[in-house]
Amino acid sequence: MKGTFIFALLVCSFIQAQTFKIKIIDSEDQKNISGARIISNNQVYYTNEDGVALLPSDAKNLNITASGYVDLDKTPLKESISLKPQYRNIDEVTIVSIDLTKFLQNVLKRYDDIYYTKPAIFDITYWQKSSENNELKTLIVADGKFWSRDGKFNAKENFKREHDNFVQFQYEYLRYKKIIPSQNNIKVKKQDQSQDYIGNIFFNHELNRLIRLTKFKGSKTSAKVVFEDADKQEIFYSVKTDTNLIYKGTILYQKKDQAITYLDKNFIQSSFKPYKLKDESGIPYEHQLGDGYILYEFYKVNNQYVPSKVAQKGSGFKFIVDNKTYDYASVREIVFKNFKPSTMTGLEKPVNLFSAYWNSIPVTENKDLINLTKEEQEFINEQDHEN
């Protein structure tokens, strides 16, 4: 027994010795940069909300990018790396207006040339967490595979519940899983399958959605180039509908390839008043819409672009029951760690995306290269709740 314990310690020490923690910071104010992408040896990594990432100790020639910062290329591995802001104040740059609708339409027309649209398999890390009244209730981190037929969302197949024709997920194991039941007993009525649940994974779905928003009657659209060099442009955009829904964000555009390699979108709908509903048992409640965020990021492999991350966030979604308010926030993030062209027509053991598939996936003791934030680690370490 003693020998087994010593062996386990040696294994843990060996695993830890193979990783290296780095922090990405702003060179001017020294603040942590979350969501910075690091590519090394054809593998993709991201900094967490604390600006920290875990990399293999043999990582080298790091390519580091973050929205609003100057890219770094072939950077050696070290504990702290600074990124220089492209600009600090919007007054420092020359503003040039563009037609957002035409700009997005042009990218969509050339989609098959810009982005990889043949069968492919990615190793992925999936993150999901949610909170109720500012307290974490769910944290799931899983490793698996993602298969795509052509890198695009197909609305007709999805409507027919045939989404597995064009996208499949397979999870080998869970790195972390902790779920605490909600205190809110409202059972929301089941709706028809949402286009967005799967559609949000695919960039062509977002492009079509943004183009439709710009064409709504009464919509006010703005897009301005706020930074430009020989290779790329940074564009700020906004769309305001006649119902006071506001969508705004940032686009990074590679001029030579005519490719969008980064797009984020904030949508603001918390100004709407709560509306009254009844749950499956007939219990009345009010629902307040919140605000959200969606992000797509790509990098170049050979002559086309492949995804490195898709992320969605929501906050301020409220349920009001018997004068008690339940405030919810959530995050879903997929990091595409690498890319492999494939001739496969699917995965061996795909999960049913609309089932409780987490219950059948084992939790592993191997946490290698998974770096939780301080808040997430404290949540996992709590002993008062069942894991």
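Notes on the structure in this doc start here.

What counts, and where the lines are drawn
- Residues numbered from 1 in each chain as written.
- Predicted model: local features only at pLDDT ≥ 70, side-chain atom pairs only at ≥ 80, totals over all residues.
- Heavy atoms only, no water.
- Pairing = 2+ DSSP bridges.
- Helix = DSSP H or I, 4+ residues; strand = E, 2+ residues; numbered from the N terminus.
- Axes fitted to C-alpha atoms, helices over the stretch in contact; angles between N-to-C directions.
- Phe/Tyr/Trp six-rings, centres within 6.5 Å; stacked < 30°, edge-to-face > 60°.
- Buried < 20%, exposed > 50% of the residue type's maximum accessible area, 1.4 Å probe, protein only.
- Lys NZ or Arg CZ within 6 Å of the ring centre and 35° of its normal.

## So, the sheet that holds strand β5 (residues 62-65)
No. 1: Overall, antiparallel pairing links the four strands, which are arranged β3-β2-β5-β6 in an open sheet. Edge positions in the sheet fall to β3 (43-46) and β6 (72-75), since each has one partner strand and no second. The average angle at which neighbouring strand axes cross in this sheet is 20°, direction not considered.
No. 2: Across two bridges, the pairing between β5 and β6 is antiparallel. Bridged to Leu-62 within β6 is Thr-75.

## Comments concerning the packing of aromatic side chains
No. 1: Tallying each qualifying case throughout the model produces 24 aromatic pairs.
No. 2: Measuring from centroid to centroid gives 5.6 Å for Tyr-285 and Phe-319, while their planes differ by 35°, and the two rings are tilted. In this pair, Tyr-285 sits in strand β17 (residues 284-288) while Phe-319 sits in strand β19 (residues 304-321), placing the two residues 34 residues apart along the sequence. Pair check on accessibility: Tyr-285 and Phe-319 agree, each one buried.
No. 3: Of note, Arg-332 hangs over the ring of Tyr-197, and the distance from its end group to the ring centre comes to 5.0 Å.
No. 4: One residue, Lys-367, lies across the ring of Tyr-176, its end atom 4.4 Å from the ring centre.

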